[in-house]
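One letter stands for each residue in the lines below.
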Amino acid sequence: MTMMLEYVPTVCPYCGCGCGVHLVVRDGRIIGVEPWKEHPVNEGKNCPKGRNAFEFLYAEGRLERPLVRENGSLQETSWEKALEMIAERLRDADPGSVGLINSGKLTNEDLYVLQKLARCALKTNNMDNCSRFCHSTTVPALVSTVGSGVMPTSQTDIAQADCILLAGVNVKETYPLIARRIIRAKQRGTRVIVVDPRRTVTAKVLADIHLQLRPGADVALVNAMVKTIVEEGLEDSDFIARRTKGVEELRAYLAAADMDELAEVAGVPVHAIREAARTYARAERGCILYNAGIAQHAAGIGNIKVLANLALLTGNYGRSGTGVNPLRGHLNGEGFGDMGPLAVFYPGFAPVNEATAARFERHWGVVGLPSEPGMSYMDMMEKCDVLYVIGANPMASAPDTGRVAALLASKEFLVVQDIFMTETAELADVILPAAAWAEKEGTVTEVDRRVQRIGKAVAPPGEARPDWKVFCELAGMMDAEGEFDYGSAEEVFEEIRRTVPQYAGITYERLERAGGIQWPCPSEDHPGTETMFVGRFATPDGLGHFQVVAYEEPVEMTDEEYPYVLTNGRLIFHYHSGTMSRRTKRLNDEAPSGFVELNTQDARETGIEDGNEVRVKSRRGEIRATARVTDDIRRGMLFMPWHFTESGPNTLTGPCAGPPSKMPEFKFCAARIEAMR
Amino acid sequence: MKDVYLAWSSDESILERAEHGGVVTSLLKFMLDSEMVDAVLALKPRNGNRYEGVPALITDPGQVIETAGSLHCASPNIARCLKTYLDGVTDMKVAVTGKPCDIRAIVELAKRKQIARENVILVGLNCTGTLPPAAAKRMCREAFGVDPDEVTAEDIEDGRLTLTLRDGTEVSRDLALLESEGYGRRENCQRCDVHIPIMADLACGKWGTSGGNVTCVEVCSQSGSDVLAKAVGAGALEVKRPSSEALQVRERRDKEATDAAKAWQERHFAEMGGSSSEQRLAYWTEQFSQCIKCFACKDACPICYCTDCYLEADRGFIAAGQVPPDIVFPILRTVHVADSCINCGQCQDACPSELPLSRLAHMLNVEIGAVLGYHSGMDIGAPPPLSAVPEDELAMLVAAGT
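Residues numbered from 1 in each chain as written. Chains lettered and ligands numbered in written order. Predicted model: local features only at pLDDT ≥ 70, side-chain atom pairs only at ≥ 80, totals over all residues. Heavy atoms only, no water.

Enquirer: Explain the overall build of chain A here, please?
Expert: Scanning chain A for helices and strands turns up 23 helices and 28 strands. The C-alpha atoms of chain A give a radius of gyration of 24 Å, which matches the 26 Å a tight globule of 677 residues would have. Principal-axis analysis of the C-alpha atoms gives chain A an extent of 70 × 65 × 60 Å. Burial analysis of chain A (677 residues in total) assigns 67% to the buried set. Intrachain contacts of chain A at a sequence separation of at least 6 include 74% that bridge at least 24 residues. Taken as a whole, chain A presents about 22200 Å² of accessible surface, with 46% of it coming from carbon and sulfur. For chain A, the distance from the average position of its 75 positive side-chain charges to the average position of its 92 negative side-chain charges is 4 Å. (Helix = DSSP H or I, 4+ residues; strand = E, 2+ residues; numbered from the N terminus. Rg over C-alpha atoms; globule rule 2.2 N^0.38 Å. Buried < 20%, exposed > 50% of the residue type's maximum accessible area, 1.4 Å probe, protein only. Contact = heavy atoms within 4.5 Å. Areas by Shrake-Rupley, 256 points an atom, 1.4 Å probe, with all protein chains shown as cover. Lys, Arg positive; Asp, Glu negative; His and termini not counted. Charge placed at Lys NZ, Arg CZ, Asp CG, Glu CD.)

Put into structure tokens, the structure is as follows:
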């Protein structure tokens, strides 16, 4: 007979919306998800993933005890032995040879303690995570234009926009509860423009105007839109005069550009470009939302800069429901940047240099903190001898899987800390079992700078531990300088408040309210900040800076041998490498396996029919997939979802941008497709 | 002849914290004290938050007081809790409080053998509507100029919504006007014409109390009569009969609320797509194109009781992985539930694509109910017409050789 039934509020563990859910806990086990109707982000509604959020926790194969590889096979061991082994290796290692790949699924507390461990005990700045693969272009682009790479408007204000421009983001599938905001906006007459080379469900059911551009041609398209606005006198001259700099250079550049040429490059007729430009420019509030389709290109920085130009030109910054809004993917994608477990920032976006190192030496009461920028994700994969991978799955998420497999196999020492035996964990020397979401206390920060608490609803299985605790124990074993004896996640958060100015006024108690608090929050009586850049931008002179960007081709263009553009992306039913979603019945039943989308005419000409098994090849490798023949994709293009590692497009991807972003060009590489006979 | 009493608690501590004489609180506590039930399922404001009402399963009589008072900004799915999270209460006796929609949902589920009705004592609560909590907080700020955290009570009476604040003051506004501005009650509540839950064992409310610190209790079943008699006999409650004037007021208020609901029904149903079939088909095709197969509507609906639903991807009927799903998906679900929809609104509350699901099902239910003479959720002995074949109909079919 049931005697204990509780409805526990928390935040869905999947994407960066941070939707509220009530977990129904009966006698110590989660048995259901119910709507948390008070939550301001989703008001009691969830997408298919959120509705089934907890199921993966109870799937077979949860890592419960530390494992070490002995004589080729994995043996269970004690925490003490496993951590001792790791401590010994790390203690002797040269700081330059150790790399830490962390995760957007780790809490702020986990990430803060990790970067403290890396800097105090390992004296290294070699840290990064999968944000490299989605918004590493966002940060330099938006820093150069508006001074900060965060989402400037609040999710709850998106419906105030009169025109919403969705660039490279299939919101219906990737951020369904933001799509809901767009549905509500449309109910009050808002016009929606979708920029995407695929006719996604977003284009089909939300777009008033779909600019189905040639892949990678975003700069040409947006330059053409900006040119239209300038030519037709639709700019916001007052805003430009008061709050921006550099418009003359942009005007001069665009005056010399040829509209027909731009349209040709973009693959969109001039009249459609003009209509879209006018619609956006004439809106009282124009809101641009963008994600991987824009950012995951070698030219990603340029793609984002021109979007910023569009918004600055039309005065679409500093008011609710406006801005150029990057949508970070993970539950704690924003928190990752804030907490600084990366190569070029300490916590609070303090740039890695001597002054910052000195400041943190004072904060932490230590000496000798590393002051040179460290290595980013793929550089660590290539060059580090020792890798510590936490909550990440490079075998699925990194480009050029074949090379990644070879690199991981060649590491002197590979530690993987995770909740399941992922493809990456299978190659590890030591595996540590982590407590998952709902099994530990902590905070996470969503797309709109929204800091929220996730609570411990149930106990972790076996001997799995919260990540931050593992880092503390490791620090202890390594006799690290600095304090690592936190008694609770809240104690870690109190230190975060002291070192990350944007979080200063946030407390666990204040976070008990539904929807958390949006940073910056400088003091305990400050309500948090919904809209950024209201009075000034975060640039040194407070102004928004126009940037001149010329169209550049993607790194690996098609040729005779590889005539198709291969792009990849996500489906609504799964999340990233599928570690959680592929262990959830309803989600798996909807989408049990991968596929490759191929245009109907291309299919006819290559003799491929819908449902055929095909081979897809690139310069880096070959995979098998099932063909899905459709008119929703352009000729000469292929699309694959990347959730299914057994037919993972990352076996085929590879080329990356150079510094500062080092972004892999996931959205564009050259491929060929063949029927399997 | 209605069996109606005015009642109040004999317990000072309950009288202090509860509303209208603390009758429901006292009944629940009595049922636990006397071991008539193993547990009580009621609503409590989680951590004192009036906008986060959650079901509370209580076994300790001392904790019942946490459920005292009414929460107008909470509408969790009580019937689902009984059916799914308490396994239909086949192995325990519970007393459950609920609004008319909650009680009707339980009645329909009991008909379908998903809840053991014999194990449940239904304490129904009069209701003229609840508010969606996130929107209600905005309403407090924007339409009342008050901090939602300062609200200690809400009341809907005489066409007005009144908020009581922590400092004892009240702010009040015309409800119809509020609702014309987009604030106010959940949509289904606006249309709801069942305010007194006579399908429960006891129906408790403030109509007929003439403003006294008492609750008006209507005995609706033998079980309810037993509970009330025992509670009074044990000294947990005191009762007296209401005056006939008070009863007339109660009837009048009910009728006024029902008339207002019918006007809302007309309005809502008329807003769906237009008068021609072509217009309506175009409307629904566009609406349903937003569906993302989250199954929240199916999970929330008390009539959707199939554990192995035909619409799930593993049944092979609706193509897996398609967004939006084939239009058959929402239409089939609607058709399956239309005869029994009780307008609880949980489907529409849960839909991330803003589909007017409750409006649609309710509209069909009103039409079907008129044709088939069936009022869903009222009589546990009345089988759902579209899924039950009564003996005489069966005999007719057999005779016709079908």
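Now that the structure has been shown, we can carry on.
Enquirer: Help me understand the sheet that holds strand S8 (residues 170-174) of chain B, please; the structure alone is not making it clear to me.
Expert: Think of a sheet as strands paired side by side through backbone hydrogen bonds, with each pair either parallel or antiparallel. All names here are of chain B. An order of S6-S7-S8 is seen for the three strands of this open sheet, with the pairing classed as antiparallel. Single-partner strands in this sheet number two, and they are strand S6 (151-157) and S8. In this sheet, adjacent strand axes meet at a mean angle of 15 degrees when their direction is disregarded. (Pairing = 2+ DSSP bridges. Axes fitted to C-alpha atoms, helices over the stretch in contact; angles between N-to-C directions.)

Enquirer: Sorry, what's going on with the packing of aromatic side chains here?
Expert: Scanning all chains against the criterion turns up 23 aromatic pairs over all chains. Arranged with centres 6.2 Å apart and planes meeting at 80 degrees, the rings of tyrosine 388 of chain A and phenylalanine 471 of chain A form a pair that is edge-to-face. Within this pair, whereas tyrosine 388 of chain A is found in strand S16 (residues 386-390), its partner phenylalanine 471 of chain A is found in helix H20 (residues 467-477), the two being separated by 83 residues in sequence. Between tyrosine 283 of chain B and tryptophan 284 of chain B, the ring centres sit 4.9 Å apart and the planes meet at 85 degrees, which makes this aromatic pair edge-to-face. Using a relative accessible area of 22% as the deciding quantity, one classes tyrosine 283 of chain B as partly exposed. Here tryptophan 284 of chain B falls in the buried class, since its relative accessible area comes to 11%. An aromatic cluster is present here, built from Tyr112, Tyr346, Phe360 and Trp364 of chain A joined pairwise through their rings. Lying across the ring of phenylalanine 484 of chain A, lysine 116 of chain A places its NZ or CZ 5.2 Å from the centre. (Phe/Tyr/Trp six-rings, centres within 6.5 Å; stacked < 30°, edge-to-face > 60°. Lys NZ or Arg CZ within 6 Å of the ring centre and 35° of its normal.)

Enquirer: Teacher, can you tell me more about helix H12 (residues 328-337) of chain B here?
Expert: Along H12 of chain B, the residues classified as buried are Phe329, Pro330, Leu332, Arg333, Thr334 and Val337 of chain B. Where H12 of chain B is buried, its residues meet helix H10 (277-288), helix H11 (296-300), helix H13 (346-350) and helix H14 (357-372) of chain B.

Enquirer: What is the right way to read the packing of helix H2 (residues 79-92) of chain A against H20 of chain A from this model?
Expert: In a packed pair of helices, the relevant descriptors are the angle between the two axes and the axis-to-axis distance. All names here are of chain A. It is the contact of H2 with H20, at a shortest axis distance of 9 Å, that shows an interaxial angle of 60 degrees. The angle between H2 and H20 falls in the class oblique. Pair H2 / H20 crosses with right-handed handedness. Residues Trp79, Glu80, Leu83, Glu84, Ile86, Ala87, Leu90 and Arg91 of H2 touch H20, and the partners they reach there are Val470, Glu473, Leu474 and Met477. For the contact of H2 with H20, the residue count by class is eight nonpolar, no polar and four charged. (Parallel < 35°, antiparallel > 145°, perpendicular 65-115°, else oblique. Left-handed = near helix turned anticlockwise from the far one by under 90°. Nonpolar A, V, L, I, M, F, W, Y, C, P; charged D, E, K, R; others polar.)

Enquirer: In this structure, what is going on with the side chain of threonine 422 of chain A? I would like to understand it.
Expert: All names here are of chain A. Tracing the chain through its elements places threonine 422 in the loop between strand S17 (413-418) and strand S18 (430-433). Threonine 422 sits in the buried class, given a relative accessible area of 4%. For threonine 422, the side chain forms a polar contact with the main-chain nitrogen of alanine 425, separated by 3.0 Å. Residues in contact with threonine 422, not counting those within four places in the same chain, are Asn393 and Thr579. (Polar contact = N/O pair within 3.5 Å; in protein donor to acceptor, adjacent residues only side chain to side chain.)

Enquirer: Please clarify how helix H11 (residues 259-266) of chain A should be interpreted in this entry.
Expert: For the α-helix, the turn length of 3.6 residues means that residues three or four positions removed from each other point alike. Residues and elements named next belong to chain A. Within the span of H11, buried status applies to Met259, Leu262, Ala263 and Ala266. Projected down its long axis, H11 shows its buried positions confined to an angular sector of 95 degrees, all on one face. When the buried face of H11 is taken as reference, the exposed residues oriented beyond 90 degrees from it are Asp260, Glu261 and Glu264. On the buried face of H11, the contacting elements are helix H8 (218-231) and helix H12 (270-282). Of the residues flanking the start of H11, the one acting as N-cap is aspartate 258, its side-chain oxygen 3.1 Å from the backbone nitrogen of aspartate 260. Glycine 267 lies just past H11 and shows a positive phi near 75 degrees. (Arc of directions from axis to C-beta.)

Enquirer: Help me understand a negative patch on the surface, please; the structure alone is not making it clear to me.
Expert: Residues and elements named next belong to chain A. A contiguous patch of negative charge on the surface is contributed by Glu483, Asp485, Glu490, Glu491 and Glu509. Here glutamate 483 is to be found in the loop between H20 and helix H21 (489-499). Looking at glutamate 483, the relative accessible area reads 53%, which means it is exposed. (Patch = residues over 30% accessible without salt bridge, like charges linked within 9 Å, V, L, I, M, F, W, Y side chains within 5 Å. Salt bridge = Lys/Arg side-chain N within 4 Å of Asp/Glu carboxyl O.)

Enquirer: I'm lost on the interface of chain B and chain A in this one. Help?
Expert: Interface size is commonly expressed as the accessible area that is lost once the parts come together. In this complex, chain B contributes 52 residues to the contact, which on the side of chain A involves 42 residues. Carbon and sulfur atoms supply 50% of the area buried between chain B and chain A, which totals about 3900 Å² over both sides. Looking at the side of chain B facing chain A, the largest losses of area belong to Tyr85, Gln290 and Glu354 of chain B, adding up to 18% of the total buried there. Across the contact surface, chain B and chain A share 14 salt bridges. Residue aspartate 314 of chain B is joined to lysine 585 of chain A by a salt bridge in which the shortest nitrogen-to-oxygen separation is 2.6 Å. Joining chain B to chain A, the criterion identifies 25 residue pairs in polar contact (both at pLDDT 80 or more). Looking at the side of chain B that touches chain A, the elements that each hand over two or more residues are strand S3 (53-58), helix H3 (78-85), helix H5 (133-144), H11 and H13 of chain B. The dominant element in the side of chain B that touches chain A, judged by the number of residues it contributes, is H5 of chain B, at six residues. (Buried area = accessible area lost by both parts, 1.4 Å probe.)

Enquirer: Whenever I open this one, the environment of aspartate 308 of chain B confuses me. Can you help?
Expert: Along the chain, aspartate 308 of chain B falls in the loop between H11 and H12. For the pair aspartate 308 of chain B and glutamate 187 of chain B, spaced 121 residues apart in the sequence, the C-alpha separation amounts to 30 Å.

Enquirer: Is there a simple way to think about the sheet that holds strand S2 (residues 20-26) of chain A in this case?
Expert: A sheet is described by the order of its strands in space; here three strands give the open sequence S1-S2-S3 (chain A), paired in antiparallel fashion. Each edge of the sheet is formed by a strand with only one pairing partner; in this case those strands are strand S1 (5-11) and strand S3 (29-35) of chain A. Shown here is a sheet whose adjacent strand axes are inclined to one another by a mean of 30 degrees, direction ignored. Bridge count for S1 of chain A against S2 of chain A is seven bridges, and the pairing is antiparallel. Looking at S2 of chain A, one finds that valine 11 of chain A is bridged to glycine 20 of chain A. In this fold H3 of chain B packs onto S1, S2 and S3 of chain A, with an angle of close to 155 degrees to the strand it touches most, S3 of chain A.

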